[in-house]
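Below are the chains, spelled out letter by letter.
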Amino acid sequence: MQAEIIAGYYELENEAAQAVIRRAELRIQAREPDAALEIMVGLEDGIQSGSMEEALLLHARGTARRLQEQYSLAVELLEKAVRLAEKNHDLIAASGSLYQLASAYSLQGQYETAAEHMRQALAYDRQMENSPGIASALEALARISLKQNRNEEATIYVQRAFAVYQEMGNSEGLQRISELAAEQGLQLNTNLAESVWEQMIR
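Residues numbered from 1 in each chain as written. Predicted model: local features only at pLDDT ≥ 70, side-chain atom pairs only at ≥ 80, totals over all residues. Heavy atoms only, no water.

### Comments concerning the overall build of the chain
- Broken down by element type, the chain carries 10 helices and zero strands.
- Across the 202 residues that make up the chain, the buried fraction comes to 51%.
- In the chain, 59% of the contacts between residues at least 6 apart in sequence involve partners at least 24 apart.
- Of the roughly 10000 Å² that the chain leaves accessible, carbon and sulfur atoms contribute 44%. (Helix = DSSP H or I, 4+ residues; strand = E, 2+ residues; numbered from the N terminus. Buried < 20%, exposed > 50% of the residue type's maximum accessible area, 1.4 Å probe, protein only. Contact = heavy atoms within 4.5 Å. Areas by Shrake-Rupley, 256 points an atom, 1.4 Å probe, with all protein chains shown as cover.)

Put into structure tokens, the structure is as follows:
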């Protein structure tokens, strides 16, 4: 899924901080949150308050805490990450943190709050024409809808996610969505091709 590795997409002023956050994000991607957090110990001392470096550090720490199932702390860190990214006018980074925030709420069974944050992530991705983010958010919304027993809503999200993954040529995404639809008995029209642009304006 998206939104775990973010720092690698930025040219940050503090190259040392960037390198550390990248290393931590690789450990997060490997599902090693303890190692990720250890790498980031004391990193805030060399980072300017209110900067994108701080936003990315908060995102990485929040994601690691989510993996540790420390959800309250994860939510606190990720909410700060979202606010800082928005303040720095970086909607893609804000979307990534919103995605993780929604995941933390979903894992606690707070599906309505999770969906609210995921819809905001989707809105930012649409605004930035970020196709991978759009697809991931739609897929996540499908899964949240299923947890709420909203199968009709889930079917719509599944169909839209499939269309975006198809246009991107993302075979892994297509496989996940197809398997999800089959497992849940959702109808998936694989011949219905909606463009990414259509996804952005709906």
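### Some words on the nonpolar core
- M40, L43, M118, L138 and V158 are the most contacted members of the largest nonpolar core, which has 62 residues in total.
- When neighbours within four sequence positions are excluded, V158 is seen to be in contact with A142, I177, L180, A181, L186 and L188. (Core = buried A, V, L, I, M, F, W, Y, C linked by side-chain atoms within 4.5 Å.)

### A closer look at unusual backbone geometry
- A positive phi angle, close to 60°, is found at R31, a residue other than glycine.
- Examined against the element boundaries, R31 turns out to sit in the loop between α1 (15-29) and α2 (33-39).
- Since its relative accessible area comes to 47%, R31 is described here as partly exposed.
- Phi at H89 is positive, roughly 60°, even though this residue is not glycine.

### Brief notes about the side chain of S95
- Here S95 shows up in helix α5 (residues 91-107).
- On the basis of relative accessibility, which here comes to 1%, the residue S95 falls in the buried class.
- Within the structure, the side chain of S95 is placed 3.3 Å from the backbone oxygen of A121, a separation counted as a polar contact. (Polar contact = N/O pair within 3.5 Å; in protein donor to acceptor, adjacent residues only side chain to side chain.)

### Thoughts on the pattern of salt bridges
- Scanning all chains against the criterion turns up seven salt bridges.
- Between R150 and E112 there is a salt bridge, with its nearest N and O atoms 3.1 Å apart. Remark: E112 occurs in helix α6 (residues 111-127) and R150 occurs in the loop between α7 (131-147) and α8 (151-168); sequence separation between them is 38 residues.
- On the accessibility criterion, R150 (34% relative accessible area) is partly exposed.
- Take E112: its relative accessible area is 40%, and that puts it in the partly exposed class.
- The residue E139 makes a salt bridge to R176 at a minimum N-O spacing of 2.9 Å. Pair noted here: E139 is in helix α7 and R176 is in helix α9 (residues 171-184), with a separation of 37 residues, a long-range link.
- For E139, a relative accessible area of 0% translates into the label buried.
- Each of E112, R119 and R150 takes part in salt bridges that share partners, so that together they form one network. (Salt bridge = Lys/Arg side-chain N within 4 Å of Asp/Glu carboxyl O.)

### Some words on the packing of helix α4 (residues 71-87) against α5
- Running from amino to carboxyl end, α4 crosses α5 at an angle of 160°, the nearest separation of the two axes being 8 Å. If you check the angle between α4 and α5, you find them roughly antiparallel. The handedness of the crossing between α4 and α5 comes out as left-handed. Contacts from Y71, V75, L78, E79, A81, V82, A85 and E86 of α4 reach α5 at A93, A94, S97, L98, Q100, L101, A104, Y105 and L107.
- The residue makeup of the contact of α4 with α5, split by class, is 13 nonpolar, two polar and two charged. (Axes fitted to C-alpha atoms, helices over the stretch in contact; angles between N-to-C directions. Parallel < 35°, antiparallel > 145°, perpendicular 65-115°, else oblique. Left-handed = near helix turned anticlockwise from the far one by under 90°. Nonpolar A, V, L, I, M, F, W, Y, C, P; charged D, E, K, R; others polar.)

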